[in-house]
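Inside the fold
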Amino acid sequence: MALRLVQVNFKARNDAALGRFWAEALGWRASSGEVGATSVQPVDFTWQDPAEVGIDVIAVPDPETVKYRAHLELATTSAAHQAEMVARLKELGATPADADLGGLPGTVLADPEGNVFRVLEPQEVYLDTGPIAVVVVDCADPRAMAGFWDQVMSWTLHEATDDHARLRSAEGVGPYLEFRRTTPGVKTVWTRVHLDLVPYPIEDKEAEVVRLRTLGATDVDLGQGDVPWTVLADPEGNEFCVLGRG
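In what follows, the accompanying structure is described. (Residues numbered from 1 in each chain as written. Predicted model: local features only at pLDDT ≥ 70, side-chain atom pairs only at ≥ 80, totals over all residues. Heavy atoms only, no water.)

1. Quick word on the nonpolar core
Side chains of a nonpolar character, in soluble globular proteins, are inclined to be buried together. Counting residues in each nonpolar core, the largest one holds 50 residues, and the members touching the most others are W22, L89, F117 and W149. In terms of residues, this core owes the most to one element, helix α1 (residues 15-26), which gives six residues. Those residues within four positions of F117 in sequence are excluded, and the remaining contacts are F21, W22, L72, L74, L89, A94, L101, T107, V108, L109, A110 and D111. Membership of the second largest hydrophobic core comes to nine residues, among which are V6, V220, V231 and A233. (Core = buried A, V, L, I, M, F, W, Y, C linked by side-chain atoms within 4.5 Å. Buried < 20%, exposed > 50% of the residue type's maximum accessible area, 1.4 Å probe, protein only. Helix = DSSP H or I, 4+ residues; strand = E, 2+ residues; numbered from the N terminus. Contact = heavy atoms within 4.5 Å.)

2. Points about the environment of P235
One can find P235 in the loop between β15 (230-233) and β16 (239-242). Through-space distance from the C-alpha of P235 to that of F148 is 7.9 Å; in sequence the pair is 87 residues apart. For P235, the contacting residues outside a window of four places in its chain are F148 and G216.

3. Description of the packing of aromatic side chains
Following the criterion strictly, the structure yields eight aromatic pairs and no others. A ring pair is formed by W22 and F117, whose centres lie 4.9 Å apart and whose planes are at 65°; its orientation type is edge-to-face. In this pair, W22 is assigned in helix α1 and F117 in strand β8 (residues 116-120), connecting sequence segments 95 residues apart. Across the pair, F117 and W22 agree in class, each one buried. Between F148 and W149, the aromatic rings sit 5.5 Å apart at their centres with planes inclined by 85°, giving edge-to-face as the arrangement. The pair F148 / W149 is uniform in exposure class, with both members buried. Members of the aromatic cluster, connected to one another through ring pairs, are F10, F21, W22 and F117. (Phe/Tyr/Trp six-rings, centres within 6.5 Å; stacked < 30°, edge-to-face > 60°.)

Right, dumping it as structure tokens:
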């Protein structure tokens with residue numbers, strides 16, 4: 001049993017507006033099946049496709065002011081492409097962000113609700129990922145996080161050092177999930193982004209939650225009540241959701 005990353009989840013004051021921003025930024029489509037929730041996905045998105053990681057934007061009355069330690073990094077293919085993308089994102093409503101994300105060179109921006117992200121300078125390793133090159137999670141101990149997440153996910157662990165760990169789908173397609181070392185208290189980057197995972201088959205969700213607890217995940221009570229997903233935290237306290245059916 002194992003799970004895979006199916007989407008990143010943004011909390012927003014206006015889910016439709018933020019969803020439109022990210023759809024236009026990535027060249028995807030935004031759709032809403034219920035009030036207060038907007039999905040941003042490739043046009044031919046299917047949950048079974050390991051190459052596709054979407055975005056789910058959820059409206060909340062007052063998005064929590066906490067430091068979720070996840071952010072997106074976007075791929076570019078050339079210096080001209082990067083400059084063009086940064087200019088286009090600013091036209092869509094992104095603003096320059098004075099934030100040190102560490103890691104690779106690129107331009108750091110904030111989306112219309114203040115979530116920071118980076119438009120990477122061209123990197124050969126990310127040329128075949130699609131528009132989202134990396135989903136990054138800051139952490140204190142990448143090796144330990146790699147040990148945990150390698151057991152959690154069906155994805156392949158490509159590298160684990162003291163500074164970073166990198167996973168990608170077993171099929172070698174789609175974005176990477178990376179854990180990068182940061183020094184607590186040195187960097188303050190505010191986002192409202194967390195990871196959503198799904199088991200296959202989805203009916204295995206409850207068994208997967210039990211397995212994750214044995215690996216060191218802990219339950220998180222956000223007042224969510226009776227919902228088809230389970231909120232957990234990894235050993236460093238990063239929240240994530242295991243999705244299921246209602």
